There are 2 protein chains.
Amino acid sequence: MEKSESAKIDIAETGRERKGKAPLLGGRSGPAERAKAGGYKRGIAIFDLILRVSAAAAALGATVSMGTAEQTLPFFTQFFQFQASYDDLPTFSFFVIGMAIVCAYLALSIPFSIVCIARPHAVAPRLLLIIFDTLALTLATSASAAAAAMVYLAHQGNSNANWLAICQQFTDFCQKTSGSVIAGFTTVALLIFLVVLSAMALRKHY
Amino acid sequence: MEKSESAKIDIAETGRERKGKAPLLGGRSGPAERAKAGGYKRGIAIFDLILRVSAAAAALGATVSMGTAEQTLPFFTQFFQFQASYDDLPTFSFFVIGMAIVCAYLALSIPFSIVCIARPHAVAPRLLLIIFDTLALTLATSASAAAAAMVYLAHQGNSNANWLAICQQFTDFCQKTSGSVIAGFTTVALLIFLVVLSAMALRKHY
């Protein structure tokens, strides 16, 4: 009697294991589940690398486009030539410096992203990336938003504060700075995706 | 000979287990480790709640301070009275709307933060919080940075674009808007901490 019961239990357990439905106690993950989660995390890490390269390219474009924005008007007086360049407005200088820092950070973070592809279960590089991505996101957003506020003012002016629009004269300059701001916000959108992706890769797979 | 070797191995294993250094295969976590990780995560969740309430208070302060910023100068001409209010500058209106949205989101997210305290191992509310916190961070940063650019311009003016500083006349208005911008950046700093904390709580404990 004793022996037959034991044999029965053995068979029942084998049947469960064959179906792959062995009850997991206390969130233990078996090697098979771990391999599956590894594949999912590796997919996220590859997508992370692609987004990171795109964001670095967008940040580089924003920096170069704003850094080369200048225009000299074809008419001049005896004492003064009308000229606009990005460093006439401190906000645009901040934009160039901020986006250059973000671009440099994104380029330097590519090796860490590659480490995450090679070792999808490593937590430390992933946590490092999400923290610095958040800081880069804040810097890129503040640079882009401040530059956008100035571009809007240059286009529309403000009659209440008696600030006149300068884009009627400096059309090329305004177009180029507007383009830079769009590139800046593209970087911001890509960085948001990067943070969300890292959060998804960090989550547990029980 | 065979028997003595087996006995030796048994003793060695027991010694390891007594020291609490039993080798864990495949990242399996026992109930004791899980409970320890739960305490760590609960601590993070409580800190998250405190930061969240502070951030909501800072956002509310920024909104109200900017929304009530107006000043009427004591002198006037026959046709015009000099008056400044936040909605004279579209950027300040954006700041008020953006910070109000962030404040409302933070207030509404408090129940989710409490769920994370009650169930420290739950992944879904934590992931939801980190995604929307990132979006709130972006909104708060862009509103604050744009308003900061305008406050800077109101204080300093810009001789290249022929925009005059208005803060020599509207001193009280400028002080109040500057205070709002500082409250806005306080919200941004608290939101950065919230995102980093959520990332730390999401990470695995093998």
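Please read these numbers as outputs of a predicted model, since none were measured by experiment.

**Q** What exactly am I supposed to notice about the UniProt feature "transmembrane region" (unreviewed entry) in chain A here?
**A** Residue and element names in this part refer to chain A. Using the residue numbers shown here, the UniProt feature "transmembrane region" (unreviewed entry) corresponds to residues 49-69, 89-115, 127-154 and 181-202. The distance from the first to the last C-alpha atom of residues 49-69 is 30 Å, and the span holds 90% helix and 0% strand. Helix and strand shares over residues 89-115 are 96% and 0% respectively, and the end C-alpha atoms of the span are 41 Å apart.

**Q** Please explain a nonpolar patch on the surface as it appears in this structure.
**A** Residues and elements named next belong to chain A. Among the surface-exposed residues, F112, L128, F132 and L135 lie close enough to one another that they form a single nonpolar patch of about 350 Å² accessible area. The dominant element in the nonpolar patch, judged by the number of residues it contributes, is helix 4 (residues 124-156), at 3 residues. If you trace the backbone, F132 turns up in helix 4. Residue F132 is classed as partly exposed on the basis of its relative accessible area, which comes to 42%.

**Q** When you look at the relation of the copies chain A and chain B in this model, what are you seeing that I'm missing?
**A** Superposition of the two copies of the chain requires a rotation about an axis and a shift along the axis. If you rotate chain A by 180 degrees and push it 0.0 Å along the axis, it lands on chain B with an RMSD of 0.0 Å. In symmetry terms, the pair is related by a two-fold rotation axis.

**Q** Would you explain helix 3 (residues 90-118) of chain B in this entry?
**A** Helical geometry note: an α-helix holds 3.6 residues per turn, so side chains three or four residues apart project in the same direction. When the terminal C-alpha atoms of helix 3 of chain B are compared, their 43 Å separation across 29 residues agrees well with the 42 Å that a helix rising 1.5 Å per residue should span. The sharpest bend along helix 3 of chain B measures roughly 35 degrees and falls at B:I110, with the proline B:P111 sitting one to four residues further on.

**Q** Could you clarify how one ought to interpret the interface of chain A and chain B in this entry?
**A** Taken together, the contacts link 45 residues of chain A with 45 residues of chain B. Each partner contributes to the roughly 4000 Å² buried at the junction of chain A and chain B, and carbon and sulfur atoms together form 72% of this total. Across the contact surface, chain A and chain B share 0 salt bridges. For the interface between chain A and chain B, the tally reads 6 residue pairs in polar contact (both at pLDDT 80 or more). Listing elements by their share of the side of chain A that touches chain B, those giving two or more residues are helix 2 (31-67), helix 3 (90-118), helix 4 and helix 5 (171-202) of chain A. Here the side of chain A that touches chain B takes 16 residues from helix 4 of chain A, the largest share from any one element. Its residues assigned to classes, the side of chain A that touches chain B shows 28 nonpolar, 11 polar and 6 charged.

**Q** Sorry if this is basic, but what is going on with unusual backbone geometry here?
**A** Among all residues save glycine, negative phi is the norm, and among peptide bonds the norm is trans. Residue and element names in this part refer to chain A. The phi angle at N162 is positive, at roughly 65 degrees, despite the residue not being glycine. Along the chain, N162 falls in the loop between helix 4 and helix 5. Given a relative accessible area of 58%, N162 falls into the exposed group.

So, how was this worked out
Throughout, residues of each chain are indexed from 1 in the direction in which the sequence is written. Written order decides the labels, with chains lettered from A and ligands numbered from 1. This being a predicted model, a pLDDT of at least 70 is required before a residue's local features are given, and a value of 80 or more before pairs of side-chain atoms are given or counted; all residues contribute to the totals for chains, interfaces and linings. Side-chain metrics in this entry use all non-hydrogen atoms of the structure; hydrogen atoms and water are not considered. UniProt positions are given in the numbering used here, feature names are shortened, and annotations may be inferred rather than shown by experiment. Numbered from the N terminus, helices here are DSSP runs of H or I no shorter than four residues, and strands are runs of E no shorter than two. Only residues whose relative accessible area exceeds 30% and that take part in no salt bridge are eligible for patches, with like-charged residues grouped when within 9 Å of each other and nonpolar side chains (Val, Leu, Ile, Met, Phe, Trp, Tyr) grouped when within 5 Å. Where accessible areas are quoted, they stem from the Shrake-Rupley method and a 1.4 Å probe; at the residue level, only the protein chains shown are allowed to cover. Salt bridge, as used here, is a side-chain nitrogen of Lys or Arg placed within 4 Å of a carboxyl oxygen of Asp or Glu. Only protein chains enter the calculation, and the probe is 1.4 Å; a residue is then buried if its accessible area is under 20% of its type maximum, exposed if over 50%, and partly exposed in between. Least squares is the method for superposing the copies, and the C-alpha atoms it fits come from residues with pLDDT of at least 70 in both. Here the expected span of a helix is defined as 1.5 Å times the quantity of residues minus one. In this analysis the local bend is the angle between axes fitted, respectively, to the seven residues ending at and the seven residues starting at the residue. Residue contacts are defined here by distance: any two heavy atoms, one from each residue, within 4.5 Å place the two residues in contact. Two parts placed together each lose some accessible area under a 1.4 Å probe, and adding up what both lose gives the buried area. Residues adjacent in sequence count toward polar contacts only when both atoms are side-chain atoms; beyond that, a polar contact is any pair of N or O atoms within 3.5 Å, and within protein one must be able to donate a hydrogen and the other to accept it. Throughout, the ten residues Ala, Val, Leu, Ile, Met, Phe, Trp, Tyr, Cys and Pro are labelled nonpolar, Asp, Glu, Lys and Arg are labelled charged, and all others, Gly among them, are labelled polar.

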